[in-house]
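# Chain and residue survey
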Amino acid sequence: MSKLIIANWKMNGSVEQIERDVSIYAKCIYTNNPSVILALPNIYLYIASQIKNKLGAKFSLAAQDVSEFINYGAYTGEISATMLKELGTKYLIIGHSERRAYLNETEDSLVNKIDNALNEKITPVFCIGESKSIRENGKYINFLDNQLRILLQVKSSFDKLVIAYEPIWAIGTGVVPNGEQICEVLKLIKAFVQNYLPHAKITALYGGSVSGVNAYEILNLPEVDGVLVGGASLKPDDFISICTY
Ligand code: PEP
């Protein structure tokens, strides 16, 4: 099976860039694949879904967040899983460390967001990852295990689940953990899901400073089922070279 490659554009892009890049990805054999997922700002998600439908493209679309409220209602500024589903959104990034840090996402809101995604049959991409100080004081396994335990509060049942290990110290820094460090955490994730959510099909990703230069090595590590790519996903040449693993 193909590995999942998720492009997290974060709060970047323009209408011009979306129209250009999405057309490139629709025509490229390495990216026109359901396992290549573009996680775009919501407003560009709409444009991308239109182009995707027009070109009959096969890559998948993801949103970078979702409302913790359900369906429709008086929640000014919010976008629900129901609305994202209508645009053809297949995956939803939930709990990215930037949102946990800058938007103060609480455990309860993460649980609601995951439930909302599952209710719409959108696959959650749940992000976990420790800070540099937690890594250095050696308490990261306990910390990551606690982050995973949030999943046990979700009411809906998991069919598919993607979990991305994104150490905060590797995001946007150019520093990448070694293969042993990545595999140690992805093994922990898989063991956790096997123990506590045995019916879920788990896909475990690594994210943090993945580039055209290091992607081949990372994607060929035994435990790695795919990668979540931030900065390098904004440049089509780099992103395509990641997808050629
Ligand atoms: C991310 O923030 O999801 C990420 C992986 O960023 P970068 O690739 O830029 O480190």
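Further up the page is the structure itself.
Residues numbered from 1 in each chain as written. Predicted model: local features only at pLDDT ≥ 70, side-chain atom pairs only at ≥ 80, totals over all residues. Heavy atoms only, no water.

### Digging into the overall build of the chain
Under the convention used in this document: Where helices and strands are cited, they refer to DSSP runs of H or I of at least four residues and of E of at least two residues respectively, numbered from the N terminus. Here the globule rule reads 2.2 Å times residues to the power 0.38, and the radius of gyration is calculated from C-alpha atoms. Three exposure classes are used, based on accessible area relative to the maximum for each residue type with a 1.4 Å probe and protein chains only: buried under 20%, partly exposed in between, and exposed over 50%.
Tallying secondary structure elements over the chain gives 10 helices and 8 strands in all. Its C-alpha atoms give the chain a radius of gyration of 17 Å, near enough to 18 Å, the size a compact globule of 245 residues would have. Structurally, the chain occupies a C-alpha span of about 50 × 45 × 35 Å along its principal axes. Counting all 245 residues of the chain, 54% fall into the buried class.

### Some remarks on the packing of aromatic side chains
The test is simple: Each aromatic pair joins two rings of Phe, Tyr and Trp (for Trp, the six-membered one) with centres within 6.5 Å, and gets the label stacked for planes under 30 degrees apart, edge-to-face for over 60, and tilted for any other angle.
All chains considered together, the criterion is met by 4 aromatic pairs. Measuring from centroid to centroid gives 5.4 Å for tyrosine 25 and phenylalanine 239, while their planes differ by 65 degrees, and the two rings are edge-to-face. Placement of the pair is tyrosine 25 in helix α1 (residues 15-27) and phenylalanine 239 in helix α10 (residues 236-243), with a sequence separation of 214 residues. For phenylalanine 239, a relative accessible area of 0% puts it in the buried group. Look at tyrosine 165 and tyrosine 206: their rings are 6.4 Å apart centre to centre, the planes differ by 65 degrees, and that puts the pair in the edge-to-face class. Of the two residues, tyrosine 165 sits in strand β6 (residues 160-165) while tyrosine 206 sits in strand β7 (residues 201-207), which places them 41 residues apart along the sequence.

### Here's the deal with the site of the ligand
Put simply, the test is: Nearness here has a simple test: a residue counts as near a molecule or strand if at least one of its heavy atoms is within 4 Å of that partner. Polar contact is defined as a pair of N or O atoms within 3.5 Å, subject to the rule that within protein one atom must be able to donate a hydrogen and the other to accept it, and that residues adjacent in sequence are counted only when both atoms are side-chain atoms. Computed with a 1.4 Å probe, the accessible areas rest on the Shrake-Rupley method; for each residue, only the protein chains presented here act as cover.
Taken together, 14 residues lie around the ligand, and Lys10, His96, Gly172, Ser209 and Gly230 are the ones closest in. Taking asparagine 8, its side chain carries an N or O atom lying 3.5 Å from an oxygen atom of the ligand. Contacts to the ligand include glycine 231, whose backbone N or O atom sits 2.8 Å from an oxygen atom. If the ligand stood free it would expose 290 Å²; the protein chains cover 95% of that surface.

### Section: a positive patch on the surface
Heads up, the condition is: Residues enter patches when they are more than 30% accessible in relative terms and free of salt bridges; like-charged ones are connected within 9 Å and nonpolar ones (Val, Leu, Ile, Met, Phe, Trp, Tyr) within 5 Å. By convention in these notes, a salt bridge is any Lys or Arg side-chain nitrogen within 4 Å of a carboxyl oxygen on Asp or Glu. A positive count includes Lys and Arg, and a negative count includes Asp and Glu. His and the chain ends are not counted in either. For this purpose, a charge sits on NZ of Lys, CZ of Arg, CG of Asp or CD of Glu.
Taken together, the side chains of Lys85, Lys90, Lys121, Lys160 and Lys201 present a region of like positive charge at the surface. Relative to the helices and strands, lysine 121 resides in the loop between α5 (107-119) and β5 (123-128).

### Thoughts on α1
Which entries qualify depends on this criterion: Expected span of a helix, by definition, is 1.5 Å for each gap between consecutive residues, and there is one gap fewer than residues. Any two residues having at least one pair of non-hydrogen atoms within 4.5 Å are treated as being in contact.
Here α1 contains 13 residues, and its C-alpha end-to-end distance of 19 Å stays within 8% of the 18 Å for a straight helix at 1.5 Å per residue. Along α1, the residues classified as buried are Gln17, Ile18, Asp21, Val22, Ser23, Tyr25 and Ala26. On its buried face, α1 sits against β2 (36-40), α2 (42-55) and α10.

### Some thoughts on the sheet that holds β6
The following threshold applies: Any two strands with at least two DSSP bridges between them are considered paired. Axes here mean lines fitted to C-alpha atoms, for a helix over just the part in contact, with angles spanning 0 to 180 degrees between N-to-C directions.
Around the barrel, which closes on itself, the 8 strands sit in the order β1-β2-β3-β4-β5-β6-β7-β8 with parallel pairing between neighbours. Averaged over all adjacent pairs, the angle separating strand axes in this sheet is 25 degrees, with direction ignored. Inspection of the sheet shows β5 paired to β6 by 4 bridges, in the parallel sense. Across the sheet, residue isoleucine 128 finds its bridge partner in β6, namely tyrosine 165.

### Some points on the nonpolar core
For clarity, the threshold we go by: In these notes, a set of buried Ala, Val, Leu, Ile, Met, Phe, Trp, Tyr and Cys residues joined through side-chain atoms within 4.5 Å is what counts as a nonpolar core.
With 71 residues, the main nonpolar core has Leu38, Leu40, Leu151, Phe158, Ile189 and Ile242 as its most contacted residues. Beyond its immediate stretch of four places on either side in the chain, leucine 151 contacts Ile114, Phe126, Phe158, Leu161, Ile163 and Leu197.

### A word on the side chain of threonine 203
Along the polypeptide, threonine 203 turns up in strand β7. The contact partners of threonine 203, leaving out residues within four places of it in the chain, are Leu4, Leu161, Val162, Ile163 and Asp225.

### Things to note about the pairing of strand β4 (residues 89-94)
Quick reminder of the rule: Viewed with both strands pointing away, a crossover whose connecting path from the first strand over the helix to the second turns clockwise is right-handed.
Most of β4 sits out of view: 5 of its 6 residues are buried. In the classification by handedness, the crossover that spans strand β3 (residues 60-63), the intervening helix α3 (residues 81-86) and the parallel β4 is right-handed. When β4 meets β5, the two strands line up parallel, connected through 4 bridges. Directly across from tyrosine 91, in β5, lies its bridge partner threonine 123.

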